[in-house]
Amino acid sequence: LEETVTTDHGGRPDVERVVVLGTGLIGTSIALALRSHGVDVALSDPDPASLRMAADLDAGRPLEEGTPAVPADVAVVAAPPEAVPEVLKEAQDRALAQVYTDAASVKSSVVAGAERIGCDLATFVPGHPMGGREKSGPGAARSDLFLGRSWALCPTGKADAGAVAAVSQVARLCGADPLVLEPTAHDRAVALVSHAPHMAASAM
């Protein structure tokens, strides 16, 4: 399965409140892009310094503790692949949002881990914005990092169509083109065009 997601939102974003869990390069760049469209963004990160820097960059406000009175429209887990399932499970247990996605560069292991620990796959749409920089951390973040880039969406067979549409809208608000494909197909493609060249460059 491979298809470009097309939706008509009449020029008005349906996604108005987002939680970004992880304020590194990718998470902060997503937050900055959303903020540029007037989206209300709450931020969380286990590193207080990273969270403070992202907030100082006006990427959003720190997420309050506990269960929110009103869940956000979407929560984005911007964490390393091995950490995504646990962060996702905690976010779902806290009912932080109605829909969840992630930004990890591999998808099959994330989906398998999320299923293994009992995450709700109906509201989870695995994702991977195809953008990055040679620098890391919130200080390297840019609101236009994903402009004109593909944003892979890899929903499982249990994903709700409304959840896919919401995550697609997040991608579009970041200037990206959402593209739906299966997790295994995503991982094969990324291994060929991204991971293998990076390994070769590091070896050289």
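Before any of the text, the structure's been laid out above.
Residues numbered from 1 in each chain as written. Predicted model: local features only at pLDDT ≥ 70, side-chain atom pairs only at ≥ 80, totals over all residues. Heavy atoms only, no water.

Examining the overall build of the chain
- The helix and strand tally for the chain stands at 6 helices and 10 strands.
- Within the chain, contacts between residues at least 6 apart in sequence are counted, and of these 72% link residues at least 24 apart.
- Surface summary for the chain: the accessible area is close to 9700 Å², and the carbon and sulfur share equals 54%. (Helix = DSSP H or I, 4+ residues; strand = E, 2+ residues; numbered from the N terminus. Contact = heavy atoms within 4.5 Å. Areas by Shrake-Rupley, 256 points an atom, 1.4 Å probe, with all protein chains shown as cover.)

Some thoughts on the side chain of Lys 107
- Note that Lys 107 resides in the loop between β6 (97-102) and α4 (108-116).
- Within the local environment of Lys 107, its side chain forms a polar contact with the backbone oxygen of Ala 104, the two atoms lying 2.7 Å apart. (Polar contact = N/O pair within 3.5 Å; in protein donor to acceptor, adjacent residues only side chain to side chain.)

Digging into helix α5 (residues 161-173)
- Under the 1.5 Å per step criterion, the end-to-end length of α5 is 19 Å for 13 residues, consistent within 8% with the ideal 18 Å.
- Ala 163, Val 164, Ala 166, Val 167, Ser 168, Gln 169, Val 170, Ala 171 and Leu 173 are the residues of α5 that are buried.
- Summarising the contacts, the buried residues of α5 are in contact with α1 (25-35), β5 (72-77), β6, β7 (124-125), β9 (150-153) and β10 (177-181).
- Two or three places before Gly 162, at the opening of α5, Asp 160 has a side-chain oxygen 2.8 Å from that residue's backbone nitrogen.
- Positioned one or two residues after α5, Gly 175 has a phi angle of 85 degrees, which is positive. (Expected span 1.5 Å × (residues − 1). Buried < 20%, exposed > 50% of the residue type's maximum accessible area, 1.4 Å probe, protein only.)

Some details on the pairing of β10
- Alignment of β9 against β10, held across 4 bridges, turns out to be parallel. From the neighbouring strand, Leu 153 faces β10, where its bridge partner is Val 180. (Pairing = 2+ DSSP bridges.)

Details of helix α2 (residues 48-56)
- If you check which residues of α2 are buried, you get Ser 50, Leu 51 and Ala 54. Taken down its axis, α2 places every buried residue within 100 degrees of arc, on the same side. Residues Pro 48, Arg 52 and Asp 56 are exposed on α2 and point more than 90 degrees away from its buried face.
- Here the buried face of α2 lies against α1, β3 (40-44) and β4 (61-62).
- Between the side-chain oxygen of the N-cap and the backbone nitrogen of Ala 49 there are 3.0 Å, and the N-cap of α2 in question is Asp 47.
- Asp 58, located one to two residues past α2, shows a positive phi value of around 65 degrees. (Arc of directions from axis to C-beta.)

Quick look at the sheet that holds β3
- Here we have 6 strands laid out as an open sheet, ordered β4-β3-β2-β5-β6-β7, and parallel in their pairing. Each edge of the open sheet is held by one strand with a lone partner, namely β4 and β7.
- In this sheet, β3 lies alongside strand β2 (residues 17-21) in parallel orientation, the contact comprising 5 bridges. Looking at the pairing, Arg 17 lines up with Asp 40 of β3.
- Packing of helix α3 (residues 84-93) onto the sheet brings it into contact with β2, β5, β6 and β7, and relative to β6 it is tilted by some 175 degrees. (Axes fitted to C-alpha atoms, helices over the stretch in contact; angles between N-to-C directions.)

Considerations on the pattern of salt bridges
- Applying the stated criterion across every chain, the model contains 7 salt bridges.
- For Arg 17, the salt bridge identified is with Asp 40, shortest N-O distance 3.9 Å. Of this pair, Arg 17 sits in strand β2 while Asp 40 sits in strand β3, and the two are 23 residues apart along the sequence.
- Given the relative accessible area of 29%, Arg 17 is considered partly exposed.
- Three or more residues are tied together by salt bridges with common partners; here these are Arg 17, Asp 40 and Arg 61. (Salt bridge = Lys/Arg side-chain N within 4 Å of Asp/Glu carboxyl O.)

Digging into the environment of Asp 47
- Here Asp 47 lies in the loop between β3 and α2.
- As for Asp 47 and Gly 24, which are separated by 23 residues in sequence, their C-alpha atoms are 9.8 Å apart.

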